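Structural characterization, general
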Amino acid sequence: TLFTLYALSCCFICLTLTPFTTFLLWSNLIGRIWLDNVHCTGREVTLAECSSNGFGVSDCKHSEDVGVVCSTRRIPGFRFVGALANNVENLNIQVEDVRIRAILSWQRKRIPVTEGFVEVREGGRWRQICNEAWTPTNSRVICGMFGFPGEKKYNMKVYKMVAMRRKNKYWGHSVNCTGNEAHVSNCRLGPPPTKKGNSTCALGMPVVVSCVPGRVFAPTPVTGFRKAYRQEQPLVRLKGGAVVGEGRVEVLKNGEWGTVCDDNWDLRSATVVCRELGFGSAKEALTGGRMGQGMGPVHMNEVECSGFEKSITECYFNRDSLGCSHEEDAGVRCNVPAMGFQERVRYGGRNPYEGRVEVLAERNGSLVWGTVCSDSWGTLEATVVCRQLGLGFANHAFQETWYWPGDVSADTVVMSGVRCSGTEMSLSHCLHHGKYIHCPKGGGRFSAGVSCSDTAPDLVLNPQMVEQTTYLEDRPMFMLQCAHEENCLSSSAQGASASDYRRLLRFSSQIHNNGHADFRPKASHHSWIWHECHRHYHSMEVFTHYDLFSLNGSKVAEGHKASFCLEDSECDEGIEKRYACANFGPQGITVGCWDTYRHDIDCQWIDITDVKPGDYIFQVAINPNYEVAESDYSNNIMKCRCRYDGYRIWTYNCHIGGSLSFETDDTFPGLRTNQLSYR
């Protein structure tokens, strides 16, 4: 009863493996070991193409059998033929692809393609669908597949004229969708088109759809496409996703953002979220906190949608979220329009996830490939490249790429002065010098490079811990010599005598890793900096910034904390600690663990000796220089209101960045955005 395009995609990797490969992966503990010392570059089509000792030549035991866990993300250009029998008519229909083909000349130049004939590819040939039994609900499903939230009317007369002038080849079937399907493969087959003589669609013409793009993808006559993807303030948002259109679902309730429990979470509910945000239908309804765990409340549980709701808040749900934890946070992957961004950047390296960045740019009236100047190149720029290529999150940004040869014909620098906010969909949307290139280092070995990863860490500060542990201490200068050497005191301490006192705003901080990868320092062991006074190594010279602002946003005092010891202080139940600083051990924060900096250690303070009594905003920023890539930087900031009367201090309303609505955050004037200041 189904016309299937992609329904078997989850199993296809196993089906395409060669017989001996499948045997190697799944038959362990018994039988022979066929391959040993296998070395692949990652570009082979099958394991048989990799180098090895030879088939059946091995000195291994079955205790050394290998296995794999495959990613659900498909490699670029992945296609497969889906086939499923129609039990009613006993048909076996194979369709390779579906497309919206722009017919009118002015539409062919537009990106994305929003209007045209709907065509299916069967047996290697594209065919039109007859519109005799076509309904608006079918158009709704087609538009959703291609990343558009809705459909609209079009000029029928124009397309009738076009259809009359051309010889159309029709597909021999029709589809019957209800409108709430996430994909046309979920629709039933409709009646075959009417035949009259040699004409397959005697009473109709080719199906035409006209889709409405979401706001972020819609062209405007003045500015063209929006240059950055920045979500507005709707009632729902996505967080923690690597690319546009995927992430953890969060909803706004009473001015506070919270997550959705994954009980009963399905494609229909996920599609409502996707369309509400201006995307198409949902490709996947994710469960089990696969897009990272949120913070704060769980607002919705047991969500049930029909698929036609304008907002997820219109769906039925259980307001009682008892028993739901953030391990059950729901997420989505949405269909988004094909913007062609991936075709304007490439890279070449030792594996498919790293290499020198090369972009397609216009030079002297023609499009040429070239490199990017590495001046000012950092993690945020690398994040945009990895997103544009569909390769997940940034892992590292490289300013020297001499070990990656790249394409010799693309050595010329064609883009310089790149500065990104990290939210852009394409590197060309970032600020850059345009056609006037300025790159003092030159290209070649100093071209920009990236490495990408499917997963990333996500550091979040516990605001309750800060609020509950804040206090004042008056400490003499002779006890602050090491802290003074590390610039942890205000500038007025320079002329202070050993008997003078400094007033310190002290607090504890508990930093959680809620992502899907361990947080590791960018610098390796051998480059850590030794501080003789404190007698420890700094793996990150600046790990946190501590600031005190007036209510109009002016900074009145500041502090910073170097990462002298990144380790797992405590972990969630069932998770083992991996990082400990003792004996010059490895530093980092494991997923599901947290690092605690107690209030009584050096530099865990702000020097407020020169601050006058009044109302202030206390802010803590983790990883402020973006040295280490994360899945979400907006939650790296924590802000509190505080009142200082000259003797005591009260701290209240502490919250992490992005956890409150814009209106609620207006109680923090001068600091209305949750973005870190750029470098």
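Residues numbered from 1 in each chain as written. Predicted model: local features only at pLDDT ≥ 70, side-chain atom pairs only at ≥ 80, totals over all residues. Heavy atoms only, no water.

- Per an unreviewed UniProt entry, the protein goes by Lysyl oxidase homolog and derives from Scleropages formosus.
- Taken verbatim from the UniProt record of the protein, the Sequence similarities (unreviewed entry) comment is "Belongs to the lysyl oxidase family."
- Taken from UniProt, the Function (unreviewed entry) comment for the protein reads in full: "Mediates the post-translational oxidative deamination of lysine residues on target proteins leading to the formation of deaminated lysine (allysine)." (UniProt positions renumbered as here; feature names shortened; annotations may be inferred.)

**Let's talk about the pairing of strand E5 (residues 125-128)**
- By the bridge criterion, four bridges tie strand E4 (residues 115-122) to E5 in an arrangement that is antiparallel. Its bridge partner being in E5, Glu119 is matched across the sheet by Gln128.
- Between E4 and E5, which pair antiparallel and follow one another directly, the connecting turn spans two residues, one of which, Gly123, has a positive phi of 65°. (Pairing = 2+ DSSP bridges. Helix = DSSP H or I, 4+ residues; strand = E, 2+ residues; numbered from the N terminus.)

**Some points on the state of the cysteines**
- By the definition in use, this model includes 13 disulfides.
- Bridging Cys177 to Cys187, the disulfide has an S-S length of 2.1 Å. Residues Cys177 and Cys187 share a disulfide whose torsion about the S-S bond is about 105°; that sign makes it right-handed. One end of the pair, Cys177, is in the loop between strand E7 (174-176) and strand E8 (188-190); the other, Cys187, is in the loop between E7 and E8, with ten residues separating them in the sequence.
- Look at Cys177 and you get buried, because its relative accessible area is 5%.
- Paired by a disulfide, Cys420 and Cys430 hold their sulfur atoms 2.0 Å apart. An S-S torsion of about 105° defines the bridge between Cys420 and Cys430 as right-handed. One end of the pair, Cys420, is in the loop between strand E21 (413-415) and strand E22 (449-453); the other, Cys430, is in the loop between E21 and E22, with ten residues separating them in the sequence.
- With a relative accessible area of 2%, Cys420 lands in the buried category.
- A disulfide-free cysteine, Cys642 has its sulfur positioned 7.6 Å from the sulfur of Cys640, the nearest such atom. (Disulfide = S-S within 2.5 Å. Buried < 20%, exposed > 50% of the residue type's maximum accessible area, 1.4 Å probe, protein only.)

**What to know about the environment of Val118**
- Structurally, the position occupied by Val118 is in strand E4.
- A residue is classified by how much of its surface remains accessible, and Val118, at 0% relative accessible area, is buried.
- Considering only alpha carbons, one finds Val118 and Arg101, 17 residues apart in sequence, at a separation of 6.4 Å.
- Not counting chain neighbours up to four residues away, the residues in contact with Val118 comprise Val98, Arg99, Arg127, Gln128, Ile129, Ile142, Val207 and Val209. (Contact = heavy atoms within 4.5 Å.)

**Describing helix H4 (residues 136-145)**
- Burial of H4 is extensive: eight of the ten residues sit out of reach of the surface.
- Taken together, the buried positions of H4 are Asn138, Ser139, Arg140, Val141, Ile142, Cys143, Gly144 and Met145.
- Elements that come into contact with the buried residues of H4 comprise strand E3 (97-101), E4, strand E6 (150-151), E7, strand E9 (208-212) and helix H6 (267-276).

**Side note on the confidence of the model for the protein**
- On average, residues of the protein score 82 in pLDDT, and 85% of them are at 70 or above.
- Averaged over each element, pLDDT in the protein is lowest for helix H1 (residues 9-16) (34) and highest for strand E16 (residues 331-334) (95).
- This stretch, residues 1-28, has a pLDDT under 50; its non-local contacts, to residues over four places away or in other chains, come to 65 contacts.
- Confidence drops under a pLDDT of 50 for residues 221-231, and excluding neighbours within four residues, the segment shows 27 contacts in the predicted structure. (pLDDT = per-residue confidence, 0-100.)

**Section: the sheet that holds strand E33 (residues 605-607)**
- Taken together, three strands build an open sheet; the order of strands is E24-E25-E33 and the sheet is antiparallel. Of all the strands in the sheet, just strand E24 (471-476) and E33 have a single pairing partner and so form its edges. On average, each strand axis in the sheet is inclined to that of its neighbour by 35°, with strand direction left out of account.
- Summarising the sheet, strand E25 (residues 501-506) and E33 pair through three bridges and their orientation is antiparallel. Following the sheet pairing, Arg506 is matched in E33 by Trp605. (Axes fitted to C-alpha atoms, helices over the stretch in contact; angles between N-to-C directions.)

**Things to note about the packing of aromatic side chains**
- For the coordinates displayed, the defined rule picks out 13 aromatic pairs.
- On the numbers, 6.5 Å between centres and 85° between planes, the contact of Phe398 with Tyr403 is edge-to-face.
- We classify Tyr403 as partly exposed; its relative accessible area is 29%.
- Centre to centre, the rings of Phe507 and Phe618 are 5.0 Å apart; their planes meet at 70°, and the pair counts as edge-to-face. Of this pair, Phe507 sits in the loop between E25 and strand E26 (509-513) while Phe618 sits in strand E34 (residues 614-622), and the two are 111 residues apart along the sequence. (Phe/Tyr/Trp six-rings, centres within 6.5 Å; stacked < 30°, edge-to-face > 60°.)

**Quick word on the pattern of salt bridges**
- Summed over all chains, the structure comprises 23 salt bridges.
- Between Lys239 and Asp632 there is a salt bridge, and its shortest N-O distance comes to 3.5 Å. Within this pair, whereas Lys239 is found in strand E10 (residues 236-239), its partner Asp632 is found in the loop between E34 and strand E35 (637-644), the two being separated by 393 residues in sequence.
- The exposure class of Lys239 is buried, given its relative accessible area of 14%.
- Under the relative-accessibility criterion, Asp632 is labelled buried at 8%.
- The residue Glu358 makes a salt bridge to Arg356 at a minimum N-O spacing of 2.7 Å.
- Residue Glu358 is classed as buried on the basis of its relative accessible area, which comes to 2%. (Salt bridge = Lys/Arg side-chain N within 4 Å of Asp/Glu carboxyl O.)

**Regarding the nonpolar core**
- Core analysis: the largest hydrophobic core is formed by 29 residues, its most contacted members being Ile511, Phe519, Phe543, Leu548, Ile606, Ile608 and Phe618.
- When near neighbours in sequence (up to four residues on either side) are disregarded, Ile606 contacts Arg503, Leu504, Leu505, Tyr546, Asp547, Leu548, Ala557, Glu558, Gly559 and Phe618.
- If you look at the next biggest cluster of nonpolar residues, it comprises 28 residues, including Phe217, Val251, Val273 and Phe341. (Core = buried A, V, L, I, M, F, W, Y, C linked by side-chain atoms within 4.5 Å.)

**Examining unusual backbone geometry**
- Looking along the chain, the bond that leaves Ile111 and enters Pro112 is cis, with omega of 5°.
- Counting through the fold element by element, Pro112 comes out in the loop between helix H3 (105-108) and E4.
- Unlike most non-glycine residues, Asn364 shows phi in positive territory, near 55°.
- With respect to the secondary-structure elements, Asn364 resides in the loop between strand E18 (354-363) and strand E19 (366-372).
- Residue class for Asn364 comes out exposed when judged on its relative accessible area of 84%.

**Some thoughts on the sheet that holds strand E23 (residues 459-461)**
- Strand order in the open sheet formed by four strands is E23-E26-E32-E31, and the pairing between neighbours is antiparallel. The two strands at the open ends of the sheet, each matched to only one other strand, are E23 and strand E31 (570-571).
- For E31 and strand E32 (residues 593-597), the ladder comprises two bridges, and the chain directions are antiparallel. Its bridge partner lying in E32, Cys571 is registered against Cys593.

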